[in-house]
Amino acid sequence: MKKTFIPILITTAFIAGAVGRARGAEAVELSLDDAVARARATSVDAAVALDELRSAYWEYRTYKAELLPEVSFQATLPHYSKQYSSYMDSEGAFSFVRTNYMEVVGQFSVTQNIWFTGGTLSLNTSLDLIKEFDTSNRSRFMSIPIALTLNQPIFGVNTVKWDRKISPVRFDEAKAAFLSATEDVAMTAITYYFNLLMAREDVATASQNLENAEKLYSVAQEKRRMGRISKNDLLQMELNVLNAKATLTDNRSTMKSAMFELASFLGLPEDVEIVPSTPSMVPDIEVSFPDALDKALANNKFAKNLMRRQLEADYEVAKAKGDMRQINLFAQVGYSGAAHNLGDSYRGLRDNQVVEIGVRIPILDWGKRRGRVRVAQSNREVVQSRLRKETQDFNRDLFVLVERFANQGDQVRMSLRADTIASQRYRTNVETYLIGKISTLDLNDSQTSKDASRRQYIDHLYRYWTYYYRLRSLTLWDYERDTPLEADFEKILR
């Protein structure tokens, strides 16, 4: 299946050129796709999402390392002692003897966790030297060329086995969360983009309205001199000019604020002038709720979050049950030798065997451990109830989103037609007013309708793209290409 890769770097040279022009205080034309791509690459929100992914990745790497053999070296280089020490002879009498010696100990070991039993198996080799600094000046070596050691809990919880269940799910959740976060970044960019687009449309509308108001006021003055309109109509036209100037001033201030917010989010210079373009007609995409739900449950972080939390609750119950009694098996087999020189300590080896079983079973704990099991079981039931509630809420929200998205395309097309009709009506009413066929109130009404229709069209466009990227975030599916949203995580985390 063809894969859709989330863009991490800007793939067009247009943005770089646009930024260069911005530094020269020139206008930067920015499309919606360019804004989304740049937000994913350079915004602070995108950086936070990437940092969270890296943190989850190293946590997963740590888990993987726990399954591999660990090679270690341990040594005391050296231990020197010159002091009096207590000594008990064969008859039980104590005395103090003078000691003066140095001890050097070194051990090399390879340890492997046994995931299916929860124990550890290690292969060791060690060498111990004791050097006496007295009249004899003797040395003594003890070697263990090879020793195989098993440390195995009998009834305790197998932490490694549970980690094998939980850690991959947690990392899959983190990867899905990163993909969803990139879509959330896109939605934030869309919000800022359409705020600026709406503000620029308002400025353009206010400028046109002011121009028309000044023209109509000039005509009204001529008509008043000829006695063809009342003074009240003339004053109304003058009031329209003043209102248009005030509206234009407010809209310009709002546009500057919106431009600053978008530039800051995209990492552009603060003094750049961004010129957004109105997106073309929206693509015709059909989405059904059952299909969206299947994709969301297969891809979204929510489904993996449910699985992880259920496994963690089960682990807590298993851990509480394992702590009710503790039995550990320790067994070691190998060879050892001792001599006054290094070479002889490796000759004439003798077998070295140690078997130890440690038992800790509470006789009377007043129900403390059993209570911990019941608490863990109750917490698991609480988690299961919350998961059912969250699943219901998720399904409901997804259903509402799919329904709104399904209707939004028609809303965009209808609002575009309404915007076209309202603009034509206003131009016609201006011409009609100039020949005295309609009143000032009718003209003002058509202007208000024109402005509202334009804003409604921009608002419906914004809603469509917000619903679309929200749907992508929940399903992790690119509906335009009909492919899953994926990323080259090895390249991203490199």
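Our subject in this report is the structure included herewith. Worth saying up front: this structure is predicted, and the values here are computed from it rather than measured. (Residues numbered from 1 in each chain as written. Predicted model: local features only at pLDDT ≥ 70, side-chain atom pairs only at ≥ 80, totals over all residues. Heavy atoms only, no water.)

1. Some points on the pattern of salt bridges
Alright, step 1. Overall, the coordinates contain 27 salt bridges when judged by the stated rule.
Alright, step 2. Linking E201 and R454 is a salt bridge whose minimum nitrogen-to-oxygen distance equals 3.0 Å. Note that E201 is positioned in helix α4 (residues 159-225) and R454 in helix α9 (residues 440-475), a separation of 253 residues in sequence.
Alright, step 3. Between R396 and D393 there is a salt bridge whose closest N-O contact spans 3.1 Å. In this pair, R396 and D393 both sit in helix α8 (residues 368-434), three residues apart, roughly one turn of the helix.
Alright, step 4. By sharing partners, the salt bridges in this structure join R40, E183, R472, D478 and R481 into a single network. (Salt bridge = Lys/Arg side-chain N within 4 Å of Asp/Glu carboxyl O. Helix = DSSP H or I, 4+ residues; strand = E, 2+ residues; numbered from the N terminus.)

2. Let's talk about the pairing of strand β9 (residues 350-360)
Alright, step 1. Counting buried residues in β9 gives one out of 11 residues, a small share hidden from the surface.
Alright, step 2. Bridge analysis of strand β8 (residues 326-339) against β9 gives 11 bridges, and the strand direction is antiparallel. From the neighbouring strand, A331 faces β9, where its bridge partner is V355. (Buried < 20%, exposed > 50% of the residue type's maximum accessible area, 1.4 Å probe, protein only. Pairing = 2+ DSSP bridges.)

3. Notes on the sheet that holds strand β5 (residues 119-132)
Alright, step 1. Within the open sheet, the six strands sit side by side as β3-β4-β5-β6-β8-β9. Their pairing is antiparallel. Of all the strands in the sheet, the pair left with one neighbour each is β3 (70-88) and β9. This sheet shows a mean twist of 20° between the axes of neighbouring strands, independent of strand direction.
Alright, step 2. Looking at chain direction, β5 and strand β6 (residues 139-153) are connected through 11 bridges and run antiparallel. Within the sheet, the bridge partner assigned to L123 lies in β6 and is L148. (Axes fitted to C-alpha atoms, helices over the stretch in contact; angles between N-to-C directions.)

4. Observations concerning the nonpolar core
Alright, step 1. F194, I274, L398 and W465 are the most contacted members of the largest nonpolar core, which has 74 residues in total.
Alright, step 2. Going through the elements one at a time, β2 (27-30), α2 (32-42), α4, α5 (231-266), α6 (289-299), α7 (301-322), α8 and α9 are the ones with two or more residues in this core.
Alright, step 3. Broken down by element, the residue count for this core peaks at 18 residues, all from α4.
Alright, step 4. In contact with F194, not counting residues within four places along its chain, are L32, P279, I458, L461, Y462 and W465.
Alright, step 5. In this structure, A49, Y57, F489 and L493 belong to the second largest nonpolar core, which totals 17 residues. (Core = buried A, V, L, I, M, F, W, Y, C linked by side-chain atoms within 4.5 Å. Contact = heavy atoms within 4.5 Å.)

5. Let's talk about the environment of I327
Alright, step 1. Structurally, the position occupied by I327 is in strand β8.
Alright, step 2. The spatial distance from the C-alpha of I327 to the C-alpha of A339 is 37 Å, given a sequence separation of 12 residues.
Alright, step 3. Look past the residues within four positions of I327 in its chain and what remains in contact with it is Q152, P153, I154, F155, I357, G358 and V359.

6. Re the packing of aromatic side chains
Alright, step 1. Using the criterion set out here, one finds 19 aromatic pairs in the structure.
Alright, step 2. When the ring of W115 is compared with that of F116, the centres are 5.7 Å apart and the planes differ by 90°; the resulting orientation is edge-to-face.
Alright, step 3. Taken together, a centroid distance of 6.1 Å and an interplanar angle of 65° make the contact between F178 and F489 edge-to-face. Here F178 is found in helix α4, whereas its partner F489 is found in helix α10 (residues 489-492), with 311 residues between them in sequence. Neither F178 nor F489 differs from the other in exposure class; each is buried.
Alright, step 4. By the ring-pair criterion, three or more aromatic residues cluster together here, those being Y57, W58, Y60, Y63 and F171.
Alright, step 5. Lying across the ring of W115, R164 places its NZ or CZ 3.9 Å from the centre.
Alright, step 6. Between K295 and the ring centre of W477, over which it is positioned, the NZ or CZ distance is 4.5 Å. (Phe/Tyr/Trp six-rings, centres within 6.5 Å; stacked < 30°, edge-to-face > 60°. Lys NZ or Arg CZ within 6 Å of the ring centre and 35° of its normal.)

7. As for the side chain of E201
Alright, step 1. Among the residues examined, E201 registers a relative accessible area of 15% and is labelled buried.
Alright, step 2. In this structure the side chain of E201 is engaged in a polar contact, spanning 3.0 Å, whose partner is the side chain of R454.
Alright, step 3. Beyond its immediate chain neighbours, meaning those up to four positions away, E201 contacts T278, R454 and I458. (Polar contact = N/O pair within 3.5 Å; in protein donor to acceptor, adjacent residues only side chain to side chain.)

8. Description of the packing of α4 against α5
Alright, step 1. The interhelical angle for the contact between α4 and α5, taken along N-to-C directions, is 160°, at an axis separation of 7 Å. In terms of orientation, α4 and α5 fall into the roughly antiparallel class. Crossing geometry of α4 relative to α5 is assigned as left-handed. (Parallel < 35°, antiparallel > 145°, perpendicular 65-115°, else oblique. Left-handed = near helix turned anticlockwise from the far one by under 90°.)

9. Quick notes on α4
Alright, step 1. The end-to-end C-alpha distance of α4, which contains 67 residues, comes to 95 Å, matching closely the 99 Å that a straight helix rising 1.5 Å per residue would cover.
Alright, step 2. Roughly 25° is the biggest bend found in α4, and it falls at K165, with proline P168 one to four residues downstream.
Alright, step 3. Residue G227 follows α4 closely and has a positive phi angle near 75°. (Expected span 1.5 Å × (residues − 1). Bend = angle between axes of the 7 residues up to and from the residue.)

10. Description of the environment of R252
Alright, step 1. The residue R252 is located in helix α5 in this model.
Alright, step 2. With relative accessibility at 44%, the residue R252 sits in the partly exposed group.
Alright, step 3. Once the C-alpha coordinates of R252 and A204 are considered, the two residues, 48 residues apart in sequence, prove to be 9.5 Å apart.
Alright, step 4. Apart from the residues lying within four places of it in its own chain, the contact partners of R252 are V203 and S207.

11. Observations regarding a nonpolar patch on the surface
Alright, step 1. Taken together, the side chains of V71, F73, F108, V110, L121, L123, I146, L148, V333, Y335 and L349 make up a nonpolar region of the molecular surface, amounting to roughly 950 Å² of accessible area.
Alright, step 2. Looking at the nonpolar patch, the elements with two or more residues in it are β3, β4 (94-114), β5, β6 and β8.
Alright, step 3. Tracing the backbone through its elements, the reader meets L121 in strand β5.
Alright, step 4. The exposure class assigned to L121 is partly exposed, which follows from its relative accessible area of 34%. (Patch = residues over 30% accessible without salt bridge, like charges linked within 9 Å, V, L, I, M, F, W, Y side chains within 5 Å. Areas by Shrake-Rupley, 256 points an atom, 1.4 Å probe, with all protein chains shown as cover.)

12. Structural notes on unusual backbone geometry
Alright, step 1. Following L77, the chain continues to P78 via a peptide bond in cis, the omega torsion being -15°.
Alright, step 2. If you trace the backbone, P78 turns up in strand β3.
Alright, step 3. Its identity as a non-glycine residue notwithstanding, D482 has a phi of 60°, on the positive side.
Alright, step 4. Within the secondary structure, D482 sits in the loop between β10 (477-478) and β11 (483-486).
Alright, step 5. For D482, a relative accessible area of 52% translates into the label exposed.

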